[in-house]
Every structure is written in structure tokens, then in C-alpha cells.
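Survey of secondary and tertiary structure
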Amino acid sequence: YQRRVRGTITQFTVKTSLKDLRRMQSTDNDMVDPGVSVYAGRFKRKMSAPTVTRHRLCNDGLVEWSQLNRISYWDFDTLSIARITKGRCLFYIGFQLLIKHDLFEEFSLDVMSVLKFLNLLENYYEPENPFHNATHAADVAQALHCLLSNLRSIDSFQPKELLASILAALAHDVNHPGVNQNFLIKTASHLMKINGNTSLLEQHHSKVAKSLIKESGIISHLSLTDQDEILRLVEDLIMATDMAQHQKYVNNMKALMVSGYDPDNTEHRRVVLRLAMKCSDLCNTARPWSTCVQWGKLVLEEFWRQGDEEKKMMFDVTNMFDRDQCVPSKALTGFIDYIAEPLFTLWADFCDTSFTRDICRLVDNNRSHWEEVITLPV
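Here's a quick rundown of the structure. (Residues numbered from 1 in each chain as written. Predicted model: local features only at pLDDT ≥ 70, side-chain atom pairs only at ≥ 80, totals over all residues. Heavy atoms only, no water.)

1. Side note on the overall build of the protein
The following threshold applies: Secondary structure follows DSSP: runs of H or I at least 4 residues long count as helices, runs of E at least 2 residues long count as strands, and numbering of each begins at the N terminus. Here the term buried applies to any residue with accessible area under 20% of the maximum for its type, exposed to any over 50%, and partly exposed to those in between, with areas from a 1.4 Å probe on protein chains only. Contacts are residue-level and defined by heavy atoms, with any inter-residue pair within 4.5 Å sufficient. Accessible surface is estimated by sampling points in the Shrake-Rupley manner with a 1.4 Å probe; for residues, cover comes only from the protein chains shown.
From N to C terminus, the protein includes 18 helices and 4 strands. Counting across all 378 residues of the protein, residues that qualify as buried make up 54%. Considering only contacts in the protein between residues 6 or more positions apart, those separated by 24 or more positions represent 70%. Of the roughly 17100 Å² that the protein leaves accessible, carbon and sulfur atoms contribute 49%.

Shown next as C-alpha cells:
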């Protein structure tokens, strides 16, 4: 069957009928999907409605089970998934992450509402942005999943906190204009007039994210108290990605580590989630070099496009945003030295595992590679 489901902006195709999906959701028993009993794990033989939907989405020929099943590996290549799915990686990865954390079952999430939310969110990202686009958002969400899953205290997080974290990661840069805050202030953007000149982009992302969550109805069946708590945490985690406030969040984590982390303390868990979100937002610096270099090219291209616009407007252009003056090796090693390496080291100090130590080694390795880069590889 094929059924077209109308979202607010566009259409997407789900390879099952709406009637079938509603029947899956209404039954008290797990639905058996003939022909998929070979898949391992807790979904063997009997599968829930969202898992059946995932299986049928995978059957559209764009992405395979084997690729999505590597979603818990740090070397998971979101850029490859984006190419395979023709830019729809947020849709597939977001759905997979909600299944991974049992959030469909925990909150009785409606499959169609989830699909609508992911479709809306994907379409509110600007595909012309080289870096701040839906692929980056999916990459951040996958990185957050890896970081939280490797915490020894992962079970201490409440389901609402995990749901809010995934939603925030997926939506943390939604409707990004492809330029930074300074550019918006210099050009007197309407976003500055609405949000002021402090964290104006993060405020905008947060407002759009909360609006899409409400419009999709993904959590509308929950109590008003639960809805409010999830939306406030989504906003809190998106605000944590503001690089202008970077040191504040780092200092909060350091203070927590000195005083001692209590997993039963709500504010302690929030401090950890904020730092995990920050690490995830910078995960491209800690990926294997073959992936890291691709992200580095994309972020510099976005900076340079802003610089091109600033030149047209006769603004002063900093070296990093000037494609004729920027030295990639200096720009990216500098960012690693002052921001990325200390941040991932702090996370590794808090969560001392072989996984976090491997991430730190990847950051150091990537720094060494960037030092040797004179011109960006094609």
C-alpha cells in the first residue's frame, strides 16, 4: 500500500496504509510482521507498530537496516546516510532513535504524529546551508545518543529527559539562516528585533522547535504538566548550544564534578545533559578523520559565504570568514585547541570510559591532520 500523509508544508510517503497503522496502534498485542522474523534483538518475531513502520520505511530502497543498526557506533557516518536518503537522514535517524530508547512504548507515541513532526522539522531546516542543516541536526542527535548511552548512570535519566534531549538535538538549529549572530545584529535582522542581541539564534530555534512539537501533536496526549516539562527542557538544552555562553556551561560542569554528582538530583542531571548537548553539537571535530574533514569543509564554506555577503555590504570581514585570507589549518586547529579538546576532555573526566578516551584520541588525531592541511581537499 501507499498512503500520502499531508504535513503542513509538504508530503511524504509511508509504505503502509493509514488503516494498517491505526490497527497496529489500537491493538494490545504486538503485531507480527511476516518475513521480518530474521531480525535479531528484542524485535525478533513480534514487532511493535513503530518498528513495523521503520521496517517498511527501510523498504523504500533509500536506506537499509544494516546502516541504521550502526546508529549506536561513534563512527556512524550521517553524511553517507544523507546522500543515500537524498537529504532525509533526520527523518530516518530521528525515528530510529525514538525506537532505540523505547520512547514509543514509554509515552504511547502516535506513529503518525511522530512522522508528521519529523517531516515538519526536516522541512524547516534550510537545505542550502552547507553546515547548519538537517544533516547536522541528525548528526548531533546521533552523537547525543552515543554519549548518553555510554554513561554508567544512563538509567538515572527520566524518560521525559531522554525524549526532550532527542527532540532538542534534532531541532537545535531549526530554521538557521546560515549566518551567525554578529551578522544578524550588524544587518538589523528581524530576529534581533524579536529576540534581542543575546542568544538570538538559540531563542529562535527554541521557539520554532516548540511550535513544531505542538503543531505535530507528538506529545499532545500527555498531561499538561508533562508537556510543559518536556518543552521547558527542550528550550533549556537548545539554549545550551549558544557558543557565547560556552564557558558558563563548562564552569557549571566543573563545579558539579567538584561537589559530586548525584544522579537523583534533577539539577545535576540537567547540568550533565547540557554538557552532553554541547559535546554533541561539536561532534564533527571528534569523528574519524575521513568524516571530520568533510564537516570541516562544510563549516568553512558556510563561514565563507557569510564573508562574501559581508564584503558586498562593505563590512569588515574576519580572517576565518574570508575565503581569500582564511588558513584552514589555523582556523580549525585553533577551534580544537580552545573549544573542542577541553570540552571533550571534561566529558571524559566525568565519564571515564574507554569510549570517551577514544573520542579524545580522535580529537587529538584530527588536530594533527588539520595542522598538515594547506588547502582543503576536494
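2. Considering the side chain of Asp139
Looking at where Asp139 falls in the secondary structure, it is placed in helix α8 (residues 134-149). Those residues in contact with Asp139, other than ones at most four positions away along the chain, are Thr78, Cys283, Arg287 and Trp295.

3. A few points about α8
For clarity, the threshold we go by: Residue count minus one, scaled by 1.5 Å, sets the expected span of a helix. Pairs of N or O atoms are called polar contacts if they sit within 3.5 Å, as long as, within protein, a hydrogen donor faces a hydrogen acceptor (for residues adjacent in sequence, only side-chain-to-side-chain pairs).
In this model α8 runs 22 Å from its N-terminal to its C-terminal C-alpha over 16 residues, within 8% of the 22 Å that 1.5 Å per residue would give. With 15 of its 16 residues buried, α8 lies for the most part within the structure. The opening residue of α8, the one whose side-chain oxygen lies 3.1 Å from the backbone nitrogen of Thr135, is Asn133.

4. Some words on the packing of aromatic side chains
Let me state the cut-off plainly: Note on aromatic pairs: the rings of Phe, Tyr and Trp (six-membered ring only in Trp) are paired at centre separations within 6.5 Å, and the planes decide the class, stacked below 30 degrees, edge-to-face beyond 60, tilted for the rest. Charge over a ring is defined by NZ of Lys or CZ of Arg lying within 6 Å of the ring centre and within 35 degrees of the ring normal.
Considering all chains together, one arrives at 8 aromatic pairs under this definition. Centre to centre, the rings of Tyr261 and Phe350 are 5.3 Å apart; their planes meet at 80°, and the pair counts as edge-to-face. Within this pair, whereas Tyr261 is found in the loop between α14 (246-259) and α15 (266-281), its partner Phe350 is found in helix α17 (residues 328-350), the two being separated by 89 residues in sequence. Exposure remark for Tyr261: the relative accessible area of 22% places this residue in the partly exposed category. A ring pair is formed by Trp289 and Trp370, whose centres lie 4.9 Å apart and whose planes are at 80°; its orientation type is edge-to-face. Remark: Trp370 occurs in helix α18 (residues 354-371) and Trp289 occurs in helix α16 (residues 289-312); sequence separation between them is 81 residues. Above the plane of the ring of Phe91 lies Arg88, whose end atom (NZ or CZ) is 4.3 Å from the centre.

5. Digging into α17
Along an α-helix, residues three or four positions apart point the same way, because every turn accommodates 3.6 residues. We count it as follows: Two axes define the bend at a residue: one fitted to the seven residues ending there, one fitted to the seven starting there, and the bend is the angle between them.
With 23 residues, α17 ought to run about 33 Å at 1.5 Å a step, and its terminal C-alpha atoms sit 31 Å apart, in line with that. Most pronounced at Ile336, the bend in α17 amounts to some 45°.

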